[in-house]
Amino acid sequence: MIYLDNNATTAMDPAVIDVIAEEMRRGPRNASSLHALGRSAADALDDAIIRIGRSLGADLSQPGGPRLILTSGGTESNNLALAGLAEPETPLVVSSIEHASVLQFAETQRKRGRQVGYIAVKPDGTVDLESLDQCLGQFDKPLVSVMTANNETGIVQPTAAIAERCRRNGATFHVDATQSIGKMEVSIANMSADAVTFTPHKFHGPQGIGGLLLTPGLKLRPALFGGEQQLLSRPGTEPVPLVVGMAKAIELAVDNLSENCQRIVSLRDHFEDALLSGIPGLLIHGRNVSRLPNTSCVSLEGVDRQSILMALDMAQIACSSGSACSSGSSPPSHVLTAMGCPEWAIGSAIRFSVSRFSTATEIDEAAGRICRIYNKLRS
Ligand code: PLP
């Protein structure tokens, strides 16, 4: 199988598997236990958390400094942030191209009577700052949530400009950086965000773990109860092997970031050039704006996305349509719809996403197969 669905999840780096296995072999270790095994687990946990913070430009070693809440993944981090970073009556403002874990949370809240504003996006796929200004003018000190880069198109969002507007208006700013680590620089300080979501299964780390990084002093109301772990913010026994794996994965993702990105972008560009020469009328979304180096969202005129997805699967190419994680159901893309794309482009959109483990041979082979399949379906 040629795997071009890395925005959904990635292969674990063998070095990450090794540190997780090593940690698991150390025996039963609960970081809350007071005996020696427990204390050594707590040390491993502290060390991993500090290293994760270092990779995100946050010093997590000091009480009173920034804090990392360990979660089960991006969905939980986003839900916890939206549910707990502000009072229940605080208005919510989210962009219309957010992941379902943000949009569906917001919609549920709206139905329960909370004030919710949706920021429009421009046809180029970036959030419309004028629309954000309108929301900030309409609502008093809202909780704002916008992603660093979109999971379907890879289009990078103007988080620094959004942060600046939020600061001026006294709004709290949560950033969903799930798709960005290992693909662009992510630093809590540079983004001026109050809280940042991430999960390592998007950057060659384990599934089932994620993080919500909080700036100093920011309070998170818990959604779960029952233990004293993580200062009561998110109780439950910490999965030490997964946290250690997350630390290794983030270090590998951040080390050599620019070299990895250059290699990935050249693979992606080569792939797109090959598709452009073999598929008449191919539309590449976000080609003229800043995009994640690994993502290629294309529309193939005259074919239906489900048909081509199935044909590609049979041809041993893994890619997706619709959103990164739930492409099993594949409704028409809410992202392309929000961008005002024509119906044919929404109906035929497929997303390919490469990773640092993709090879030039795979890319050539995949592009050849895709062009052949497209032309067969067309005829
Ligand atoms: N946010 C974005 C931007 C995503 O792309 C995803 C998954 O693709 C998530 C959140 C949810 O992450 P998880 O699958 O780890 O819950």
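A quick note: this is a predicted structure, and the numbers were derived from the prediction, not measured. (Residues numbered from 1 in each chain as written. Predicted model: local features only at pLDDT ≥ 70, side-chain atom pairs only at ≥ 80, totals over all residues. Heavy atoms only, no water.)

1. Quick look at the sheet that holds strand 9 (residues 283-284)
(1) Moving on: In spatial order, the strands read 9-10-12; together these three strands make up an open sheet with antiparallel pairing. Strands at the two margins of the open sheet, each flanked by one partner only, are strand 9 and strand 12 (349-353).
(2) Moving on: Pairing of strand 10 (residues 295-299) with strand 12, which is carried by five bridges, proceeds in the antiparallel orientation. For Ser296, the partnering residue across the bridge sits in strand 12 and is Phe352.
(3) Moving on: Seen against the sheet, helix 9 (residues 257-278) touches strand 9, strand 10 and strand 12 and runs at an angle of roughly 15° to strand 10. (Pairing = 2+ DSSP bridges. Helix = DSSP H or I, 4+ residues; strand = E, 2+ residues; numbered from the N terminus. Contact = heavy atoms within 4.5 Å. Axes fitted to C-alpha atoms, helices over the stretch in contact; angles between N-to-C directions.)

2. Here's the deal with the sheet that holds strand 8 (residues 210-214)
In any sheet, the strands associate via hydrogen bonds between backbone groups, in a parallel or an antiparallel arrangement.
(1) Moving on: Strand order in the open sheet formed by seven strands is 2-8-7-6-5-3-4, with mixed pairing between adjacent strands. Among the strands making up the open sheet, the edge pair consists of strand 2 (67-71) and strand 4 (116-119). Recorded for the sheet is a direction-independent mean angle of 20° between the axes of neighbouring strands.
(2) Moving on: Pairing of strand 3 (residues 92-95) with strand 4, which is carried by four bridges, proceeds in the parallel orientation. The partner of Val94 across the bridge, within strand 4, is Tyr118.
(3) Moving on: Helix 4 (residues 100-111) contacts strand 3, strand 4 and strand 5 (143-147) of the sheet and is inclined by roughly 145° relative to strand 3.
(4) Moving on: Where helix 5 (residues 129-138) meets the sheet, it contacts strand 3, strand 4 and strand 5, and its direction lies at approximately 165° from that of strand 4.

3. Re the pairing of strand 12
(1) Moving on: Taken across its five residues, strand 12 has five buried, putting it largely inside the fold.
(2) Moving on: Residues Ala349, Arg351 and Ser353 point to one face of strand 12 and Ile350 and Phe352 to the other, with burial holding for every one of them. (Buried < 20%, exposed > 50% of the residue type's maximum accessible area, 1.4 Å probe, protein only.)

4. Quick word on the packing of helix 5 against helix 6 (residues 159-168)
(1) Moving on: Closest axis-to-axis distance for the helix 5/helix 6 pair is 11 Å, and the angle between their directions is 20°. Relative to helix 6, helix 5 is oriented roughly parallel. Crossing geometry of helix 5 relative to helix 6 is assigned as right-handed. Residue-level contacts link Leu129, Leu132, Asp133 and Leu136 of helix 5 to Ala161, Ile162, Arg165 and Cys166 of helix 6.
(2) Moving on: In terms of residue class, the contact of helix 5 with helix 6 is made up of six nonpolar, no polar and two charged. (Parallel < 35°, antiparallel > 145°, perpendicular 65-115°, else oblique. Left-handed = near helix turned anticlockwise from the far one by under 90°. Nonpolar A, V, L, I, M, F, W, Y, C, P; charged D, E, K, R; others polar.)

5. What to know about helix 13 (residues 360-378)
(1) Moving on: The end-to-end C-alpha separation of helix 13 is 27 Å, in line with the 27 Å expected for 19 residues at 1.5 Å each.
(2) Moving on: Of the residues making up helix 13, those classed as buried are Ile363, Ala366, Ala367, Ile370, Cys371, Ile373 and Tyr374. (Expected span 1.5 Å × (residues − 1).)

6. Re the domain arrangement of the chain
(1) Moving on: Parsing the chain into structural domains produces domain 1 (2-9 + 257-378) and domain 2 (14-255).
(2) Moving on: At the junction of the two partners, domain 1 supplies 31 residues and domain 2 supplies 33 residues.
(3) Moving on: Of the roughly 2600 Å² buried between domain 1 and domain 2, counting both surfaces, carbon and sulfur atoms make up 57%.
(4) Moving on: Considering only the surface of domain 1 that becomes buried against domain 2, Leu257, Leu292 and Met339 emerge as the three largest contributors, covering 25% of it.
(5) Moving on: On inspection of domain 1 and its partner domain 2, the count reaches zero salt bridges.
(6) Moving on: At the junction of domain 1 with domain 2, the criterion picks out 14 residue pairs in polar contact (both at pLDDT 80 or more).
(7) Moving on: Elements that contribute at least two residues to the side of domain 1 that touches domain 2 include exactly helix 9, strand 10 and helix 11 (334-338).
(8) Moving on: Its residues assigned to classes, the side of domain 1 that touches domain 2 shows 14 nonpolar, 14 polar and three charged. (Domains from an automatic or database assignment. Buried area = accessible area lost by both parts, 1.4 Å probe. Salt bridge = Lys/Arg side-chain N within 4 Å of Asp/Glu carboxyl O. Polar contact = N/O pair within 3.5 Å; in protein donor to acceptor, adjacent residues only side chain to side chain.)

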